[in-house]
Every structure is written in structure tokens, then in C-alpha cells.
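# Structural description and commentary
What follows is the residue order along each chain.
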Amino acid sequence: MKVEIPAALSYIFQEDIYLLSADKVAPQLQPVSVPDIQTPVTVFKYLGSNNKNFLILVNYTVDEFIAEAHFTALQSILTRKEYAVDDIAILNLAKHAQAGFDEIMAYFKPEKLLVLGKGAIPAGMNALTFNQLDNAGNCTVLYSFSFDEMMDNTDNKKAFWDKMKNL
């Protein structure tokens, strides 16, 4: 009888079995391949095309992206900065509350980031100085007033625009 694994003979024969030195080779085990399990990638729904890597984070629970009156004001600001809607991406964090800062940064790869209001700060983002330019990795960040705080307050508009000019 020819047995590929000599150690298996002990299960077949009840008598004592003595293996020769040549038979004491350990069997070659075949590696088992583990399927590649990837974490699901979050798909973000945003306004704009992000052509110039300028990300604007907002928080609107009722609107899909941004309130219409606020979007009109934002377009005016962007025009003064020589940006079009296709140059930016507006992400409403109220619709993506589960997304963390690192995930957002990895997806959009922004060079400039505008955070409009406290509710637009994503989870996991380092503390920012209010209405001051900061850095987050390779990105220039401005955390400022939300449009709700600016629309009827001239002082807030001026303070925001003063910093926005440099972003």
C-alpha cells in the first residue's frame, strides 16, 4: 500500500507503526486564499463638479444641497473670486451625517475648504479657529458663519468677506 502521508497509517493500523527517517517529512500544506473584502465606499451626492478642488460644507436639513436664497448669495461670492459652480463642490452634511472628515477629504481631495456654520463641521475634524484661515493637511480651511447668520447681519457679512478674499 502506498500512502502519501505516512502519519495517516496510525489511523488505519492498530499496531505500533515505526516511521523511517525518510517518511518523517511534514506534508506540504496548500495556502488558502482569503477573498478580498473591501470596505464599502461612500458615494457623496453634491452640487457642482469640483473641477478646482474647492469644497464647501453646509448643513441644511430641509434642502437637498443649499437654500435657494443662500445659493444666490454664494454664487455672487464665487463670481467675485472667479469661480463657477462647476469649479466647486457643495456638500450638505445634513444628508451625509455618517461621513467623517478623513472620508470626505479622501473623496474630494480639496485644496480649499469652506465650512459654513457649526453644523457643517464633519465628525473627526480638528478644532478650527472661527473666521480664521487654517490648514488641514494640504488644504486651506476657512470655518465661518453660516448663511443664516450672515443674511441679515452686515457685520457678519463683512467679517466673512474679509477672510473669504484670502481663501
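What counts and what doesn't
- Residues numbered from 1 in each chain as written.
- Predicted model: local features only at pLDDT ≥ 70, side-chain atom pairs only at ≥ 80, totals over all residues.
- Heavy atoms only, no water.
- Pairing = 2+ DSSP bridges.
- Helix = DSSP H or I, 4+ residues; strand = E, 2+ residues; numbered from the N terminus.
- Contact = heavy atoms within 4.5 Å.
- Axes fitted to C-alpha atoms, helices over the stretch in contact; angles between N-to-C directions.
- Core = buried A, V, L, I, M, F, W, Y, C linked by side-chain atoms within 4.5 Å.
- Buried < 20%, exposed > 50% of the residue type's maximum accessible area, 1.4 Å probe, protein only.

### Brief notes about the sheet that holds strand S3 (residues 88-92)
- The strand order across the open sheet built from six strands is S1-S3-S2-S4-S6-S5, with neighbouring strands paired in mixed fashion. Two strands close off the open sheet at either side, each with one partner strand: strand S1 (47-48) and strand S5 (133-136).
- Pairing geometry for S1 and S3, over two bridges, is antiparallel. When the sheet's bridge partners are listed, Leu47 is paired in S3 with Ile90.
- Contacts between helix H5 (residues 154-164) and the sheet are confined to strand S2 (54-58), strand S4 (112-116), S5 and strand S6 (139-144), with S6 contributing the most and set at about 175 degrees to the helix.

### Let's talk about the nonpolar core
- Residues Phe54, Ile56, Leu114 and Phe160 are the most contacted members of the largest nonpolar core, which totals 23 residues.
- When residues of this core are traced back to their parent elements, those giving at least two are S2, helix H2 (68-80), S3, S4, helix H4 (147-150) and H5.
- When residues of this core are assigned to their parent elements, the largest contribution, four residues, is made by H2.
- Apart from residues lying up to four places away in sequence, Phe160 is in contact with Ile77, Leu114, Leu116, Asn131, Leu142, Ser144, Phe145 and Met150.
- Ranked by size, the runner-up nonpolar core spans 19 residues in total, among them Phe44, Leu55, Leu57 and Cys139.

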